[in-house]
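Listed here are the chains, written in short residue letters.
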Amino acid sequence: SEVTFIMIKPDGVQRGLIGDIICRFEKKGFFLKAMKMVQVERSFAEKHYSDLSTKSFFGSLVEYIVSGPVVAMVWQGKGVVATGRKIIGATNPAASEPGTIRGDYCIEVSRNIIHGSDAVESAQKEIALWFPDGII
Ligand code: ATP
Ligand code: MG
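Residues numbered from 1 in each chain as written. Chains lettered and ligands numbered in written order. Predicted model: local features only at pLDDT ≥ 70, side-chain atom pairs only at ≥ 80, totals over all residues. Heavy atoms only, no water.

## Considerations on the site of ligand 1
As a matter of local geometry, ligand 1 sits amid 13 residues, with Lys9, Tyr49, Arg85, Thr91 and Asn112 nearest to it. Taking Thr91, its side chain carries an N or O atom lying 2.5 Å from an oxygen atom of ligand 1. The backbone of Val109 places a nitrogen or oxygen atom 3.1 Å from an oxygen atom of ligand 1. When isolated, ligand 1 has an accessible area of 570 Å², and the protein chains bury 77% of it. (Near = heavy atom within 4 Å. Polar contact = N/O pair within 3.5 Å; in protein donor to acceptor, adjacent residues only side chain to side chain. Areas by Shrake-Rupley, 256 points an atom, 1.4 Å probe, with all protein chains shown as cover.)

Printed below as a string of structure tokens:
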């Protein structure tokens, strides 16, 4: 069934939110297919966010992602791409509803804890990038 790519960003790891984030996806009923903690290179972070390369914040976004280890995960389940985005909440924490991950844990768009694929096709691309050897 459907899969999505979820990444806990360096601030989420540093602040000890890995367990809570995994718990929210598990309790919803999604299945954790793959997971690894990695410190990525600048060029890799640029590739992951290549769609945003023309944005003014691209440089600081890349700095943020390489600032410490991240937790990369593949989650599976019916509608997991769209529902995963709902669990995460709006991009800007000022607009994320309480009860969402960003709504509950952050205040700055530039440090918003977590990434989730925005479409089934981008999920496929991101999973291929982050898990090039495939997943079990
Ligand atoms: P993500 O792709 O990380 O799940 P998103 O899909 O909600 O987030 P995007 O538009 O893809 O939002 O932006 C990617 C990331 O770039 C955001 O999560 C945020 O960390 C950062 N970002 C977005 N807009 C801004 C901004 N105006 N200023 C600083 N950083 C931003
Ligand atoms: Mg995005």
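## Description of the packing of aromatic side chains
A complete count under the given rule lists three aromatic pairs for this structure. Here Phe44 and Trp130 contribute two aromatic rings whose centre-to-centre distance is 4.7 Å and whose plane-to-plane angle is 90°, an arrangement assigned as edge-to-face. Remark: Trp130 occurs in helix H7 (residues 120–130) and Phe44 occurs in helix H3 (residues 42–48); sequence separation between them is 86 residues. Looking at Trp130, the relative accessible area reads 2%, which means it is buried. Cluster of aromatic residues (ring-pair linked, three or more members): Phe5, Phe44 and Trp130. Lying over the aromatic face of Phe131, Lys36 brings its terminal NZ or CZ to 4.7 Å of the ring centre. (Phe/Tyr/Trp six-rings, centres within 6.5 Å; stacked < 30°, edge-to-face > 60°. Helix = DSSP H or I, 4+ residues; strand = E, 2+ residues; numbered from the N terminus. Buried < 20%, exposed > 50% of the residue type's maximum accessible area, 1.4 Å probe, protein only. Lys NZ or Arg CZ within 6 Å of the ring centre and 35° of its normal.)

## Let's talk about the UniProt feature "active site" (unreviewed entry) in the protein
UniProt's feature table lists "active site" (unreviewed entry) at His115, given in the numbering used throughout. On the basis of relative accessibility, which here comes to 8%, the residue His115 falls in the buried class. Residues within four places of His115 in sequence aside, it is in contact with Phe5, Ile6, Met7, Lys9, His48, Tyr49, Ile88, Arg102 and Glu126. (UniProt positions renumbered as here; feature names shortened; annotations may be inferred. Contact = heavy atoms within 4.5 Å.)

## Overview of helix H5 (residues 80–88)
Of all the positions in H5, only Val80, Val81, Gly84, Ile87 and Ile88 are classed as buried. Along the long axis of H5, the arc covered by the buried residues comes to 120°, so they all point the same way. Looking at the buried side of H5, the elements it contacts are strand S1 (3–8), helix H2 (18–28), strand S3 (70–76), helix H6 (101–105), strand S4 (114–116) and H7. Gly89 sits one or two residues past H5 and shows a positive phi near 95°. (Arc of directions from axis to C-beta.)

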